[in-house]
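Below are the chains, spelled out letter by letter.
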Amino acid sequence: MNESMEHYIKNELEFASSLKLSTQLGFLHSRALENKILISPWGMASEAYMEAEKLFRAVLYYRGLKKIVAYVPDEVEILSLYNSYKFEKQSEYCVVYHGKKPTWQIDNIYAF
């Protein structure tokens, strides 16, 4: 991960309930939000599906049987990971931006 992302993870994602997990190929942040766990953000390097699954399994283990939610992009590989762990799609989401449309590469984002 590059230095600016490391600074963001270490300094901007700090909540009392934060659980930060990372590997050389990505990071996953989760925190308590009301009576559930929110996964946000979760980013991976390109084609790091196996590493993503390791992080996912770790957060499921550490967070126990609590309800987990995430805002997930409509990418087949990412959706198949969530579906393989019996997650249910509850609703649609939309990305809102001001001015110029962002040039995100959302196939690397596993949760917003």
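Not measured: the values here are computed from a predicted model.

Under the criterion given, the structure shown has 3 salt bridges. A salt bridge links Lys54 to Glu51; its shortest N-O distance comes to 3.2 Å. Taken together, the positions of Lys54 and Glu51, both in helix α2 (residues 49-63) and 3 residues apart, correspond to about one turn of that helix. Taking relative accessible area as the criterion, Lys54 reaches 52% and is therefore assigned exposed. A salt bridge links Lys89 to Glu92, with the shortest nitrogen-to-oxygen separation between them at 2.8 Å. Residues Lys89 and Glu92 agree in their burial class; the two are exposed.

Given 3.6 residues per helical turn, the α-helix brings residues three or four places apart onto the same face. For α2, spanning 15 residues, the distance from its first C-alpha to its last is 21 Å, which sits close to the expected 21 Å at 1.5 Å a residue. Within α2 the residues assigned to the buried category are Glu51, Ala52, Glu53, Leu55, Phe56, Val59 and Arg63. Looking at the buried positions of α2, the neighbouring elements they touch are β1 (19-23), β2 (26-33), β3 (36-44), β4 (68-70), α3 (76-84) and β5 (109-111). The positive-phi residue at the C-terminal boundary of α2 is Gly64, with phi of around 65°.

Looking now at the environment of Asn108. As for its position among the elements, Asn108 is in the loop between α3 and β5. On a C-alpha basis, the gap between Asn108 and Ala45 in space is 6.1 Å, while along the polypeptide they are 63 residues apart.

On the surface, Tyr71, Tyr93, Val95, Tyr97 and Trp104 cluster together into a nonpolar patch covering about 540 Å² of accessible area. In this structure, Tyr97 sits in the loop between α3 and β5.

Here we take up the packing of α2 against α3. Between α2 and α3, the least distance of the axes is 11 Å, while the angle of their chain directions is 35°. Crossing of α2 over α3 shows right-handed handedness. Across from Tyr49, Ala52, Glu53 and Phe56 in α2, the residues of α3 making contact are Glu77, Ser80, Leu81 and Tyr82. Split into classes, the residues belonging to the contact of α2 with α3 amount to 5 nonpolar, 1 polar and 2 charged.

Rules used throughout
Residues numbered from 1 in each chain as written. Predicted model: local features only at pLDDT ≥ 70, side-chain atom pairs only at ≥ 80, totals over all residues. Heavy atoms only, no water. Salt bridge = Lys/Arg side-chain N within 4 Å of Asp/Glu carboxyl O. Helix = DSSP H or I, 4+ residues; strand = E, 2+ residues; numbered from the N terminus. Buried < 20%, exposed > 50% of the residue type's maximum accessible area, 1.4 Å probe, protein only. Expected span 1.5 Å × (residues − 1). Contact = heavy atoms within 4.5 Å. Patch = residues over 30% accessible without salt bridge, like charges linked within 9 Å, V, L, I, M, F, W, Y side chains within 5 Å. Areas by Shrake-Rupley, 256 points an atom, 1.4 Å probe, with all protein chains shown as cover. Axes fitted to C-alpha atoms, helices over the stretch in contact; angles between N-to-C directions. Left-handed = near helix turned anticlockwise from the far one by under 90°. Nonpolar A, V, L, I, M, F, W, Y, C, P; charged D, E, K, R; others polar.

Without other data, these values stay purely geometric and don't point to any function.
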